[in-house]
Amino acid sequence: VLDGSLVQTASGETYAELDFGSPDPNRDGGWLDRIDATGTADLDGTVYLTLLNPQLVPYGHFTQSLVHGDLGVTDSGLVLSTAPSVVITYDLSYRTGVDALLDYNIDFSPKELGRNLRPVGDYFNRIQAAGSSPALADVVVNLLYDPDLETYKETLSQMSPDLYGELQSQAIRHSRSFGQLLFNGSGHRSYTNGYLLWVDTLNERVHHGEYDDYKNFTHRNSGAAFGIQKALTEQWISGIGFSCGDLSSSGYDGKWLADGDYRQLGASVEYRADSTRIGATLSYGEEHHDVSRYGSAVDSVVSRLGREMQTVGAAIHLSHAFRKECVYLKPGVELGSAYLMAEDGSETGADALNLELQDLNEFHWWIQPSLETGCLLPELFQSDWSLNLFANVSLLEYLSDPDTEVSATLQGAPSSVDPMVVPVELGQSQVISSLGVKLLKESGTSLSFKFSQSADAVNVSRYDLMLTVPF
(Lines give C-alpha, C1' and ligand atoms only; values in the text may rest on other atoms or scores of the structure.)
Protein backbone atom coordinates (compact mmCIF):
# COMPACT_ATOMS: atom_id res chain seq x y z
CA VAL A 1 0.00 0.00 0.00
CA LEU A 2 1.31 3.43 -0.98
CA ASP A 3 0.49 6.07 1.59
CA GLY A 4 -0.27 9.05 -0.60
CA SER A 5 -0.58 9.58 -4.33
CA LEU A 6 1.13 7.96 -7.32
CA VAL A 7 2.33 9.79 -10.42
CA GLN A 8 3.97 7.97 -13.32
CA THR A 9 5.24 10.18 -16.13
CA ALA A 10 5.59 9.42 -19.85
CA SER A 11 9.07 8.00 -19.32
CA GLY A 12 8.01 5.92 -16.34
CA GLU A 13 8.00 2.14 -16.32
CA THR A 14 6.18 -0.36 -14.12
CA TYR A 15 6.72 -4.12 -14.09
CA ALA A 16 3.90 -6.43 -13.11
CA GLU A 17 3.48 -10.20 -12.98
CA LEU A 18 0.36 -12.30 -13.56
CA ASP A 19 0.84 -15.69 -11.93
CA PHE A 20 -1.51 -18.49 -13.00
CA GLY A 21 -0.19 -20.69 -10.22
CA SER A 22 -2.91 -19.45 -7.88
CA PRO A 23 -5.08 -22.00 -6.07
CA ASP A 24 -7.92 -21.69 -8.63
CA PRO A 25 -6.94 -19.68 -11.71
CA ASN A 26 -10.18 -20.63 -13.46
CA ARG A 27 -12.02 -18.69 -10.79
CA ASP A 28 -9.65 -15.90 -9.74
CA GLY A 29 -7.75 -15.51 -13.02
CA GLY A 30 -4.40 -15.85 -11.27
CA TRP A 31 -2.46 -13.55 -8.95
CA LEU A 32 -1.79 -10.07 -10.33
CA ASP A 33 0.68 -7.58 -8.85
CA ARG A 34 -1.25 -4.55 -7.69
CA ILE A 35 -0.42 -1.06 -6.42
CA ASP A 36 -2.79 0.46 -3.84
CA ALA A 37 -2.56 4.21 -3.16
CA THR A 38 -4.46 6.01 -0.42
CA GLY A 39 -4.53 9.15 -2.58
CA THR A 40 -4.82 9.51 -6.34
CA ALA A 41 -3.00 7.76 -9.18
CA ASP A 42 -2.01 9.57 -12.41
CA LEU A 43 -0.72 7.04 -14.93
CA ASP A 44 1.39 7.56 -18.05
CA GLY A 45 4.37 5.67 -19.48
CA THR A 46 4.45 1.88 -19.80
CA VAL A 47 3.50 -1.10 -17.67
CA TYR A 48 5.27 -4.35 -18.65
CA LEU A 49 3.26 -7.48 -17.90
CA THR A 50 4.92 -10.88 -17.51
CA LEU A 51 3.12 -14.20 -17.16
CA LEU A 52 4.19 -16.78 -14.59
CA ASN A 53 3.20 -20.46 -14.79
CA PRO A 54 1.76 -19.89 -18.30
CA GLN A 55 1.09 -23.62 -18.70
CA LEU A 56 -1.74 -23.19 -16.17
CA VAL A 57 -3.43 -20.38 -18.08
CA PRO A 58 -7.20 -20.67 -17.51
CA TYR A 59 -10.02 -20.28 -20.01
CA GLY A 60 -12.39 -17.34 -19.78
CA HIS A 61 -12.65 -13.60 -19.24
CA PHE A 62 -11.16 -11.97 -16.15
CA THR A 63 -10.79 -8.49 -14.69
CA GLN A 64 -8.34 -7.47 -11.96
CA SER A 65 -7.15 -4.16 -10.58
CA LEU A 66 -3.62 -3.24 -11.57
CA VAL A 67 -3.54 0.15 -9.79
CA HIS A 68 -6.02 1.40 -7.21
CA GLY A 69 -6.33 4.97 -5.92
CA ASP A 70 -8.75 5.66 -3.09
CA LEU A 71 -9.28 9.19 -4.40
CA GLY A 72 -9.34 8.34 -8.10
CA VAL A 73 -7.24 7.10 -11.00
CA THR A 74 -6.45 9.15 -14.12
CA ASP A 75 -5.34 7.73 -17.45
CA SER A 76 -2.75 10.08 -18.87
CA GLY A 77 -1.61 7.68 -21.59
CA LEU A 78 -0.54 4.49 -19.84
CA VAL A 79 0.47 1.77 -22.34
CA LEU A 80 0.37 -1.97 -21.62
CA SER A 81 3.26 -4.03 -23.03
CA THR A 82 2.85 -7.82 -23.27
CA ALA A 83 4.23 -10.71 -25.29
CA PRO A 84 2.24 -11.22 -28.50
CA SER A 85 -0.45 -13.89 -28.26
CA VAL A 86 -3.46 -15.09 -30.21
CA VAL A 87 -4.87 -16.88 -27.17
CA ILE A 88 -4.89 -14.05 -24.64
CA THR A 89 -5.97 -10.47 -25.35
CA TYR A 90 -5.63 -7.55 -22.95
CA ASP A 91 -7.23 -4.18 -22.38
CA LEU A 92 -6.85 -1.42 -19.78
CA SER A 93 -10.06 0.03 -18.39
CA TYR A 94 -10.80 2.87 -15.98
CA ARG A 95 -14.55 2.40 -15.72
CA THR A 96 -14.70 2.37 -11.90
CA GLY A 97 -12.93 5.71 -11.60
CA VAL A 98 -10.69 4.42 -8.80
CA ASP A 99 -8.92 1.54 -10.63
CA ALA A 100 -6.75 0.86 -13.62
CA LEU A 101 -8.32 -2.45 -14.50
CA LEU A 102 -6.63 -5.19 -16.49
CA ASP A 103 -9.22 -6.95 -18.63
CA TYR A 104 -7.95 -10.13 -20.22
CA ASN A 105 -9.72 -12.75 -22.28
CA ILE A 106 -8.23 -16.23 -22.72
CA ASP A 107 -9.60 -18.34 -25.56
CA PHE A 108 -7.77 -21.09 -27.46
CA SER A 109 -10.54 -21.00 -30.08
CA PRO A 110 -10.63 -17.47 -31.52
CA LYS A 111 -13.35 -16.69 -34.02
CA GLU A 112 -10.86 -16.52 -36.91
CA LEU A 113 -10.35 -20.29 -36.84
CA GLY A 114 -11.96 -22.44 -39.49
CA ARG A 115 -14.52 -25.08 -38.60
CA ASN A 116 -11.93 -27.87 -38.48
CA LEU A 117 -9.62 -26.04 -36.05
CA ARG A 118 -12.33 -24.61 -33.78
CA PRO A 119 -12.96 -28.07 -32.24
CA VAL A 120 -9.23 -28.37 -31.51
CA GLY A 121 -9.16 -24.92 -29.90
CA ASP A 122 -12.31 -25.71 -27.92
CA TYR A 123 -10.65 -28.92 -26.77
CA PHE A 124 -7.74 -26.96 -25.30
CA ASN A 125 -10.20 -24.61 -23.60
CA ARG A 126 -11.71 -27.64 -21.88
CA ILE A 127 -8.28 -28.98 -20.95
CA GLN A 128 -7.31 -25.71 -19.28
CA ALA A 129 -10.72 -25.40 -17.60
CA ALA A 130 -10.08 -28.86 -16.13
CA GLY A 131 -6.81 -27.70 -14.58
CA SER A 132 -4.47 -28.30 -17.53
CA SER A 133 -2.11 -31.26 -17.79
CA PRO A 134 1.61 -31.46 -16.97
CA ALA A 135 2.10 -33.68 -20.02
CA LEU A 136 0.79 -30.91 -22.29
CA ALA A 137 2.55 -28.02 -20.54
CA ASP A 138 5.00 -27.34 -23.37
CA VAL A 139 2.38 -27.31 -26.11
CA VAL A 140 0.08 -25.04 -24.05
CA VAL A 141 2.94 -22.56 -23.61
CA ASN A 142 3.73 -22.74 -27.34
CA LEU A 143 0.10 -22.06 -28.23
CA LEU A 144 -0.04 -19.19 -25.75
CA TYR A 145 3.02 -17.49 -27.22
CA ASP A 146 2.50 -18.17 -30.92
CA PRO A 147 3.02 -14.62 -32.21
CA ASP A 148 0.41 -14.51 -34.99
CA LEU A 149 -2.71 -16.25 -36.22
CA GLU A 150 -1.03 -18.20 -39.03
CA THR A 151 1.60 -19.64 -36.71
CA TYR A 152 -1.11 -20.51 -34.22
CA LYS A 153 -3.15 -22.30 -36.88
CA GLU A 154 -0.11 -24.32 -37.91
CA THR A 155 0.44 -25.48 -34.33
CA LEU A 156 -3.22 -26.47 -33.90
CA SER A 157 -3.33 -28.24 -37.27
CA GLN A 158 -0.62 -30.64 -36.17
CA MET A 159 -2.93 -31.91 -33.42
CA SER A 160 -6.06 -32.20 -35.56
CA PRO A 161 -7.40 -35.62 -36.64
CA ASP A 162 -8.33 -34.31 -40.12
CA LEU A 163 -6.46 -37.11 -41.88
CA TYR A 164 -8.60 -39.79 -40.23
CA GLY A 165 -11.76 -37.96 -41.26
CA GLU A 166 -10.47 -37.84 -44.84
CA LEU A 167 -9.95 -41.60 -44.82
CA GLN A 168 -13.49 -42.07 -43.48
CA SER A 169 -14.89 -39.99 -46.33
CA GLN A 170 -12.99 -42.14 -48.84
CA ALA A 171 -14.40 -45.35 -47.33
CA ILE A 172 -17.94 -44.00 -47.83
CA ARG A 173 -17.15 -43.08 -51.43
CA HIS A 174 -15.62 -46.53 -52.10
CA SER A 175 -18.86 -48.13 -50.87
CA ARG A 176 -20.97 -45.95 -53.16
CA SER A 177 -18.77 -46.61 -56.20
CA PHE A 178 -18.78 -50.38 -55.67
CA GLY A 179 -22.58 -50.46 -55.49
CA GLN A 180 -22.75 -48.68 -58.84
CA LEU A 181 -20.26 -51.12 -60.31
CA LEU A 182 -22.40 -54.07 -59.17
CA PHE A 183 -25.46 -52.58 -60.89
CA ASN A 184 -23.65 -51.63 -64.08
CA GLY A 185 -21.77 -54.91 -64.54
CA SER A 186 -23.58 -55.86 -67.72
CA GLY A 187 -24.58 -52.38 -68.76
CA HIS A 188 -27.87 -52.04 -70.61
CA ARG A 189 -27.30 -55.15 -72.73
CA SER A 190 -29.57 -58.14 -72.31
CA TYR A 191 -28.24 -61.66 -72.37
CA THR A 192 -29.99 -65.01 -72.12
CA ASN A 193 -27.02 -67.41 -72.11
CA GLY A 194 -27.36 -67.96 -68.37
CA TYR A 195 -24.21 -66.44 -66.90
CA LEU A 196 -22.09 -63.37 -67.51
CA LEU A 197 -18.61 -62.67 -66.13
CA TRP A 198 -17.45 -59.08 -65.77
CA VAL A 199 -13.97 -57.85 -64.87
CA ASP A 200 -13.10 -54.22 -64.16
CA THR A 201 -9.74 -52.55 -63.53
CA LEU A 202 -9.69 -49.04 -62.17
CA ASN A 203 -7.28 -46.24 -61.43
CA GLU A 204 -8.54 -43.32 -59.42
CA ARG A 205 -7.19 -40.05 -58.10
CA VAL A 206 -9.11 -37.90 -55.61
CA HIS A 207 -7.95 -34.39 -54.80
CA HIS A 208 -9.62 -32.61 -51.90
CA GLY A 209 -8.61 -29.00 -52.25
CA GLU A 210 -7.52 -26.74 -49.42
CA TYR A 211 -10.36 -24.71 -47.95
CA ASP A 212 -11.13 -22.88 -44.71
CA ASP A 213 -8.30 -24.22 -42.49
CA TYR A 214 -8.41 -27.69 -44.04
CA LYS A 215 -5.27 -28.90 -45.77
CA ASN A 216 -5.24 -30.32 -49.30
CA PHE A 217 -5.29 -34.09 -49.73
CA THR A 218 -4.58 -36.45 -52.60
CA HIS A 219 -5.91 -40.01 -52.49
CA ARG A 220 -5.07 -42.76 -54.99
CA ASN A 221 -6.87 -46.03 -55.59
CA SER A 222 -5.59 -48.77 -57.86
CA GLY A 223 -7.85 -51.80 -57.88
CA ALA A 224 -9.73 -54.50 -59.69
CA ALA A 225 -13.18 -56.02 -59.44
CA PHE A 226 -14.97 -58.98 -60.94
CA GLY A 227 -18.41 -60.46 -60.73
CA ILE A 228 -20.81 -63.02 -62.11
CA GLN A 229 -24.40 -62.37 -63.08
CA LYS A 230 -27.03 -65.03 -63.75
CA ALA A 231 -30.14 -64.56 -65.84
CA LEU A 232 -32.83 -66.23 -63.75
CA THR A 233 -35.54 -65.47 -66.30
CA GLU A 234 -35.85 -63.10 -69.22
CA GLN A 235 -36.60 -60.30 -66.74
CA TRP A 236 -34.75 -61.22 -63.54
CA ILE A 237 -30.97 -61.15 -63.08
CA SER A 238 -28.94 -61.76 -59.93
CA GLY A 239 -25.24 -61.25 -59.37
CA ILE A 240 -22.32 -61.21 -56.99
CA GLY A 241 -19.11 -59.21 -57.12
CA PHE A 242 -15.77 -58.75 -55.37
CA SER A 243 -13.24 -55.94 -55.49
CA CYS A 244 -9.87 -55.22 -53.89
CA GLY A 245 -7.12 -52.69 -54.29
CA ASP A 246 -4.35 -50.57 -52.84
CA LEU A 247 -4.82 -47.11 -51.38
CA SER A 248 -2.47 -44.24 -50.67
CA SER A 249 -3.10 -40.77 -49.27
CA SER A 250 -0.98 -37.67 -48.78
CA GLY A 251 -1.95 -34.38 -47.18
CA TYR A 252 -0.66 -31.27 -45.44
CA ASP A 253 2.26 -30.97 -47.90
CA GLY A 254 3.40 -34.51 -47.19
CA LYS A 255 3.24 -34.25 -43.39
CA TRP A 256 0.28 -36.67 -43.26
CA LEU A 257 0.58 -40.00 -45.07
CA ALA A 258 -1.45 -43.20 -45.24
CA ASP A 259 -1.09 -46.47 -47.13
CA GLY A 260 -3.73 -49.14 -47.12
CA ASP A 261 -5.84 -51.68 -48.91
CA TYR A 262 -9.50 -52.62 -49.22
CA ARG A 263 -11.76 -55.58 -49.97
CA GLN A 264 -15.44 -55.45 -50.95
CA LEU A 265 -18.06 -58.14 -51.48
CA GLY A 266 -21.53 -57.50 -52.83
CA ALA A 267 -24.67 -58.86 -54.42
CA SER A 268 -27.25 -57.48 -56.81
CA VAL A 269 -30.71 -58.29 -58.09
CA GLU A 270 -32.30 -56.66 -61.11
CA TYR A 271 -35.57 -56.62 -63.01
CA ARG A 272 -35.58 -55.70 -66.70
CA ALA A 273 -38.63 -54.96 -68.81
CA ASP A 274 -37.93 -53.73 -72.31
CA SER A 275 -35.76 -50.63 -71.74
CA THR A 276 -36.43 -50.28 -68.00
CA ARG A 277 -34.00 -51.48 -65.35
CA ILE A 278 -34.79 -51.64 -61.61
CA GLY A 279 -32.11 -53.02 -59.34
CA ALA A 280 -30.93 -53.28 -55.76
CA THR A 281 -27.39 -53.78 -54.47
CA LEU A 282 -25.98 -54.73 -51.09
CA SER A 283 -22.27 -54.67 -50.23
CA TYR A 284 -19.80 -55.04 -47.40
CA GLY A 285 -16.31 -53.53 -47.37
CA GLU A 286 -13.21 -53.55 -45.19
CA GLU A 287 -10.33 -51.08 -45.25
CA HIS A 288 -7.02 -50.95 -43.44
CA HIS A 289 -4.81 -47.86 -43.28
CA ASP A 290 -1.30 -47.42 -41.88
CA VAL A 291 -1.08 -43.74 -40.95
CA SER A 292 1.99 -41.58 -40.31
CA ARG A 293 1.67 -37.98 -39.11
CA TYR A 294 4.75 -35.77 -38.95
CA GLY A 295 4.51 -32.88 -36.49
CA SER A 296 6.53 -30.27 -34.63
CA ALA A 297 4.07 -28.64 -32.24
CA VAL A 298 6.82 -28.95 -29.61
CA ASP A 299 9.54 -31.30 -30.91
CA SER A 300 9.73 -33.06 -34.25
CA VAL A 301 7.83 -36.35 -33.90
CA VAL A 302 6.18 -39.01 -36.03
CA SER A 303 2.96 -40.59 -34.79
CA ARG A 304 1.73 -43.85 -36.30
CA LEU A 305 -1.48 -45.85 -36.22
CA GLY A 306 -3.03 -48.75 -38.09
CA ARG A 307 -6.82 -48.34 -38.30
CA GLU A 308 -9.59 -50.61 -39.55
CA MET A 309 -12.89 -49.51 -41.06
CA GLN A 310 -15.91 -51.38 -42.36
CA THR A 311 -18.82 -50.26 -44.53
CA VAL A 312 -22.21 -51.71 -45.35
CA GLY A 313 -23.73 -50.22 -48.48
CA ALA A 314 -27.20 -50.56 -49.99
CA ALA A 315 -28.80 -48.87 -52.97
CA ILE A 316 -31.81 -48.92 -55.26
CA HIS A 317 -31.21 -48.10 -58.93
CA LEU A 318 -33.72 -47.17 -61.62
CA SER A 319 -33.16 -46.28 -65.28
CA HIS A 320 -35.11 -46.23 -68.54
CA ALA A 321 -33.69 -45.90 -72.03
CA PHE A 322 -35.50 -44.00 -74.79
CA ARG A 323 -34.28 -45.11 -78.19
CA LYS A 324 -34.58 -43.77 -81.70
CA GLU A 325 -32.67 -45.67 -84.31
CA CYS A 326 -29.05 -45.83 -83.05
CA VAL A 327 -29.36 -43.00 -80.50
CA TYR A 328 -30.58 -43.42 -76.95
CA LEU A 329 -31.27 -41.21 -73.94
CA LYS A 330 -31.26 -42.90 -70.55
CA PRO A 331 -32.33 -41.01 -67.39
CA GLY A 332 -31.73 -42.77 -64.10
CA VAL A 333 -31.67 -42.29 -60.36
CA GLU A 334 -29.94 -43.98 -57.45
CA LEU A 335 -31.02 -43.86 -53.81
CA GLY A 336 -28.14 -45.18 -51.73
CA SER A 337 -26.84 -45.49 -48.22
CA ALA A 338 -23.62 -46.40 -46.42
CA TYR A 339 -23.12 -47.39 -42.81
CA LEU A 340 -19.56 -46.66 -41.68
CA MET A 341 -17.90 -48.40 -38.74
CA ALA A 342 -14.44 -47.15 -37.77
CA GLU A 343 -12.51 -48.79 -34.95
CA ASP A 344 -10.86 -46.91 -32.11
CA GLY A 345 -7.09 -46.76 -31.83
CA SER A 346 -4.17 -44.96 -30.22
CA GLU A 347 -1.20 -43.51 -32.05
CA THR A 348 2.34 -44.21 -30.95
CA GLY A 349 5.51 -42.17 -31.29
CA ALA A 350 4.42 -38.69 -30.14
CA ASP A 351 3.94 -39.31 -26.40
CA ALA A 352 1.47 -36.77 -24.98
CA LEU A 353 0.52 -35.60 -28.49
CA ASN A 354 -0.54 -39.03 -29.71
CA LEU A 355 -4.13 -38.95 -30.93
CA GLU A 356 -6.50 -41.45 -29.36
CA LEU A 357 -9.34 -42.07 -31.79
CA GLN A 358 -12.78 -43.07 -30.63
CA ASP A 359 -14.80 -45.69 -32.48
CA LEU A 360 -17.41 -44.47 -34.90
CA ASN A 361 -20.75 -45.65 -36.24
CA GLU A 362 -22.17 -43.33 -38.85
CA PHE A 363 -24.99 -43.55 -41.41
CA HIS A 364 -25.15 -41.60 -44.67
CA TRP A 365 -27.61 -41.68 -47.53
CA TRP A 366 -27.82 -39.90 -50.83
CA ILE A 367 -29.67 -39.48 -54.09
CA GLN A 368 -27.94 -39.35 -57.45
CA PRO A 369 -30.03 -38.57 -60.55
CA SER A 370 -28.24 -39.12 -63.84
CA LEU A 371 -28.67 -38.72 -67.57
CA GLU A 372 -26.80 -40.77 -70.16
CA THR A 373 -26.85 -40.33 -73.89
CA GLY A 374 -25.16 -42.43 -76.50
CA CYS A 375 -25.06 -43.81 -79.98
CA LEU A 376 -24.92 -47.50 -80.82
CA LEU A 377 -23.33 -48.17 -84.21
CA PRO A 378 -24.19 -51.75 -85.29
CA GLU A 379 -22.28 -54.13 -87.55
CA LEU A 380 -18.99 -52.35 -87.15
CA PHE A 381 -16.73 -53.11 -90.13
CA GLN A 382 -19.45 -55.45 -91.42
CA SER A 383 -19.00 -57.78 -88.45
CA ASP A 384 -21.12 -58.85 -85.48
CA TRP A 385 -19.40 -56.18 -83.35
CA SER A 386 -21.09 -52.88 -82.46
CA LEU A 387 -19.65 -49.65 -81.13
CA ASN A 388 -21.32 -47.72 -78.31
CA LEU A 389 -20.23 -44.13 -77.65
CA PHE A 390 -21.75 -42.65 -74.52
CA ALA A 391 -21.64 -39.71 -72.13
CA ASN A 392 -23.16 -39.45 -68.66
CA VAL A 393 -23.72 -36.66 -66.17
CA SER A 394 -25.06 -37.03 -62.63
CA LEU A 395 -25.61 -34.95 -59.51
CA LEU A 396 -24.73 -36.40 -56.11
CA GLU A 397 -26.67 -34.96 -53.17
CA TYR A 398 -26.34 -36.24 -49.62
CA LEU A 399 -29.72 -36.33 -47.90
CA SER A 400 -28.08 -36.91 -44.51
CA ASP A 401 -25.27 -34.88 -42.93
CA PRO A 402 -22.82 -34.13 -45.79
CA ASP A 403 -19.92 -34.44 -43.33
CA THR A 404 -18.23 -37.34 -41.63
CA GLU A 405 -16.93 -36.70 -38.12
CA VAL A 406 -13.82 -37.98 -36.36
CA SER A 407 -13.59 -37.88 -32.55
CA ALA A 408 -10.23 -37.88 -30.81
CA THR A 409 -8.40 -36.95 -27.64
CA LEU A 410 -4.73 -36.34 -26.90
CA GLN A 411 -2.89 -38.95 -24.87
CA GLY A 412 -1.61 -36.32 -22.46
CA ALA A 413 -5.00 -34.72 -21.77
CA PRO A 414 -7.11 -35.40 -18.67
CA SER A 415 -9.42 -38.35 -19.32
CA SER A 416 -12.41 -36.35 -18.05
CA VAL A 417 -12.21 -33.87 -20.94
CA ASP A 418 -14.66 -34.42 -23.81
CA PRO A 419 -12.97 -35.19 -27.16
CA MET A 420 -12.57 -32.89 -30.11
CA VAL A 421 -15.04 -33.72 -32.88
CA VAL A 422 -13.83 -32.55 -36.29
CA PRO A 423 -16.10 -32.59 -39.39
CA VAL A 424 -14.78 -33.42 -42.87
CA GLU A 425 -16.97 -32.82 -45.92
CA LEU A 426 -18.01 -35.71 -48.14
CA GLY A 427 -18.63 -33.54 -51.18
CA GLN A 428 -22.12 -32.10 -51.43
CA SER A 429 -23.71 -31.26 -54.80
CA GLN A 430 -21.06 -33.06 -56.82
CA VAL A 431 -21.50 -32.94 -60.58
CA ILE A 432 -19.98 -36.13 -62.00
CA SER A 433 -19.49 -36.51 -65.74
CA SER A 434 -18.11 -39.41 -67.74
CA LEU A 435 -17.25 -40.31 -71.31
CA GLY A 436 -16.85 -43.83 -72.61
CA VAL A 437 -16.59 -46.17 -75.52
CA LYS A 438 -17.72 -49.80 -75.63
CA LEU A 439 -17.20 -52.56 -78.14
CA LEU A 440 -20.02 -55.12 -78.06
CA LYS A 441 -20.50 -58.46 -79.68
CA GLU A 442 -23.92 -59.84 -80.48
CA SER A 443 -23.33 -62.71 -78.05
CA GLY A 444 -22.93 -60.28 -75.15
CA THR A 445 -19.13 -60.01 -74.97
CA SER A 446 -18.02 -56.41 -74.52
CA LEU A 447 -14.93 -54.32 -73.81
CA SER A 448 -15.38 -50.78 -72.53
CA PHE A 449 -13.29 -47.84 -71.40
CA LYS A 450 -14.73 -45.02 -69.30
CA PHE A 451 -13.27 -41.82 -67.89
CA SER A 452 -15.11 -40.08 -65.05
CA GLN A 453 -14.51 -36.66 -63.57
CA SER A 454 -16.17 -34.62 -60.82
CA ALA A 455 -15.68 -30.87 -60.69
CA ASP A 456 -16.00 -29.79 -57.08
CA ALA A 457 -13.92 -29.23 -53.94
CA VAL A 458 -13.65 -33.03 -54.00
CA ASN A 459 -12.20 -33.60 -57.46
CA VAL A 460 -12.29 -37.22 -58.64
CA SER A 461 -10.61 -38.56 -61.79
CA ARG A 462 -11.22 -42.23 -62.55
CA TYR A 463 -10.44 -44.64 -65.38
CA ASP A 464 -12.29 -47.95 -65.78
CA LEU A 465 -11.53 -50.72 -68.23
CA MET A 466 -14.21 -53.44 -68.20
CA LEU A 467 -14.59 -56.76 -69.95
CA THR A 468 -17.82 -58.80 -69.96
CA VAL A 469 -18.05 -62.36 -71.24
CA PRO A 470 -21.23 -64.52 -71.24
CA PHE A 471 -20.88 -68.24 -70.63
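**Considerations on the overall build of the chain**
At step 1: Tallying secondary structure elements over the chain gives five helices and 28 strands in all.
At step 2: Rg of the C-alpha trace for the chain: 31 Å, well past the compact-globule value of 23 Å for 471 residues, more than 25% over.
At step 3: Looking at the chain as a whole, 52% of its 471 residues are labelled buried.
At step 4: Counting contacts in the chain only where the partners sit at least 6 residues apart, residues at least 24 apart contribute 70% of the total.
At step 5: Counting every atom, the chain has about 20500 Å² of accessible surface; 55% of that belongs to carbon and sulfur.
At step 6: Of the charged side chains in the chain, 29 are positive and 63 negative; the average position of the first set lies 15 Å away from that of the second.

**Here's the deal with the side chain of Gln 310**
At step 1: Turning to its location among the elements, Gln 310 is positioned in strand 17 (residues 301-320).
At step 2: In terms of polar contacts, Gln 310 uses its side chain to reach the side chain of Glu 343, at 3.4 Å.
At step 3: Beyond its immediate sequence surroundings of up to four residues, Gln 310 is in contact with Tyr 284, Gly 285, Glu 286, Tyr 339, Leu 340, Met 341 and Glu 343.

**So, the pattern of salt bridges**
At step 1: Tallied over the full model, the rule gives 16 salt bridges.
At step 2: For Glu 372, the salt bridge goes to Lys 330, with nearest N and O atoms at 4.0 Å. With Glu 372 in strand 22 (residues 360-377) and Lys 330 in strand 19 (residues 327-342), this residue pair connects regions lying 42 residues apart in the sequence. Both residues of the pair, Glu 372 and Lys 330, count as buried.
At step 3: Look at the salt bridges and you will find they share partners, linking Arg 173, Glu 204, Arg 462 and Asp 464 into a network.

**Brief notes about the sheet that holds strand 21 (residues 355-357)**
At step 1: Taken in spatial order, the four strands line up as 20-21-24-25 in an open sheet, and their pairing is antiparallel. With one partner strand each, in any of the chains shown, strand 20 (345-346) and strand 25 (420-425) form the two edges of the open sheet.
At step 2: Here strand 21 runs beside strand 24 (residues 403-410); their pairing, made up of three bridges, is antiparallel. Bridge pairing in strand 24 places Glu 356 opposite Thr 409.
At step 3: With respect to the sheet, helix 2 (residues 118-129) is in contact with strand 24 and strand 25, its orientation differing from that of strand 25 by roughly 180°.
At step 4: The strands that helix 5 (residues 162-183) touches are strand 21, strand 24 and strand 25; relative to strand 24, the one it contacts most, it runs at about 145°.

**Some details on unusual backbone geometry**
At step 1: With phi around 55°, Tyr 252 is a residue other than glycine that occupies positive phi space.
At step 2: Relative to the helices and strands, Tyr 252 is located in the loop between strand 14 (236-251) and strand 15 (256-273).
At step 3: The exposure class of Tyr 252 is buried, given its relative accessible area of 3%.
At step 4: The backbone of Asp 274 sits at a positive phi, close to 55°, despite the residue not being glycine.
At step 5: Relative to the helices and strands, Asp 274 is located in the loop between strand 15 and strand 16 (276-295).

**Some thoughts on the packing of aromatic side chains**
At step 1: Per the counting criterion, the structure on display carries 13 aromatic pairs.
At step 2: With 5.5 Å between their ring centres and 15° between their planes, Tyr 195 and Phe 471 make a pair best called stacked. One end of the pair, Tyr 195, is in strand 12 (residues 195-208); the other, Phe 471, is in the segment after strand 28 (458-470), with 276 residues separating them in the sequence.
At step 3: Of the residues examined, Tyr 195 reaches a relative accessible area of 35% and is grouped as partly exposed.
At step 4: A cation sits over an aromatic face here: Lys 255 above Tyr 252, 4.5 Å from the ring centre.
At step 5: Across from the ring centre of Phe 183, 4.2 Å away, lies the NZ or CZ of Arg 277, which sits over that ring.

**Quick notes on the pairing of strand 17**
Looking down a regular strand, the side chains alternate between one sheet face and the other.
At step 1: In this sheet, strand 17 lies alongside strand 16 in antiparallel orientation, the contact comprising 20 bridges. For Gly 295, the partnering residue across the bridge sits in strand 17 and is Val 301.
At step 2: Between strand 16 and the antiparallel strand that follows it, strand 17, lie five residues.
At step 3: Bridge count between strand 17 and strand 19: 11 bridges; the pairing is antiparallel.

**Some details on the nonpolar core**
At step 1: In this structure, Phe 124 and Leu 410 are the most contacted members of the largest nonpolar core, which totals 75 residues.
At step 2: For this core, the element with the highest residue contribution is helix 5, accounting for five residues.
At step 3: With sequence-adjacent residues up to four places away left out, Phe 124 is seen in contact with Phe 108, Val 139, Val 140, Leu 143, Leu 156, Met 159 and Leu 410.
At step 4: Of all hydrophobic cores here, the second largest spans seven residues; its members include Leu 181, Leu 182, Trp 198 and Ala 225.

**Some remarks on helix 4 (residues 149-157)**
At step 1: Of the positions making up helix 4, those classed as buried are Tyr 152, Lys 153, Thr 155, Leu 156 and Ser 157.
At step 2: Tucked inside the fold, the buried residues of helix 4 contact helix 2, helix 3 (137-145) and strand 15.
At step 3: The backbone nitrogen of Glu 150 lies 3.3 Å from a side-chain oxygen of the residue at the head of helix 4, namely Asp 148.

**Notes on the pairing of strand 7 (residues 60-69)**
At step 1: Most of strand 7 is tucked away, with eight of its 10 residues classed as buried.
At step 2: Across three bridges, the pairing between strand 4 (residues 35-37) and strand 7 is parallel. Its bridge partner lying in strand 7, Ile 35 is registered against Val 67.
At step 3: Summarising the sheet, strand 7 and strand 11 (residues 99-106) pair through eight bridges and their orientation is antiparallel. What sits directly across from Gln 64, in strand 11, is Leu 102.

**Digging into the environment of Leu 66**
At step 1: Tracing the sequence through the fold places Leu 66 in strand 7.
At step 2: In the structure, Leu 66 is positioned 76 residues away from Asn 142 in sequence and 26 Å away in space, judged by C-alpha atoms.
At step 3: Leu 66 has contacts with Ala 16, Leu 32, Asp 33, Arg 34, Ile 35, Val 47, Leu 92 and Ala 100, leaving out every residue within four places of it along the chain.

Rules behind the numbers
Residues numbered from 1 in each chain as written. Predicted model: local features only at pLDDT ≥ 70, side-chain atom pairs only at ≥ 80, totals over all residues. Heavy atoms only, no water. Helix = DSSP H or I, 4+ residues; strand = E, 2+ residues; numbered from the N terminus. Rg over C-alpha atoms; globule rule 2.2 N^0.38 Å. Buried < 20%, exposed > 50% of the residue type's maximum accessible area, 1.4 Å probe, protein only. Contact = heavy atoms within 4.5 Å. Areas by Shrake-Rupley, 256 points an atom, 1.4 Å probe, with all protein chains shown as cover. Lys, Arg positive; Asp, Glu negative; His and termini not counted. Charge placed at Lys NZ, Arg CZ, Asp CG, Glu CD. Polar contact = N/O pair within 3.5 Å; in protein donor to acceptor, adjacent residues only side chain to side chain. Salt bridge = Lys/Arg side-chain N within 4 Å of Asp/Glu carboxyl O. Pairing = 2+ DSSP bridges. Axes fitted to C-alpha atoms, helices over the stretch in contact; angles between N-to-C directions. Phe/Tyr/Trp six-rings, centres within 6.5 Å; stacked < 30°, edge-to-face > 60°. Lys NZ or Arg CZ within 6 Å of the ring centre and 35° of its normal. Core = buried A, V, L, I, M, F, W, Y, C linked by side-chain atoms within 4.5 Å.

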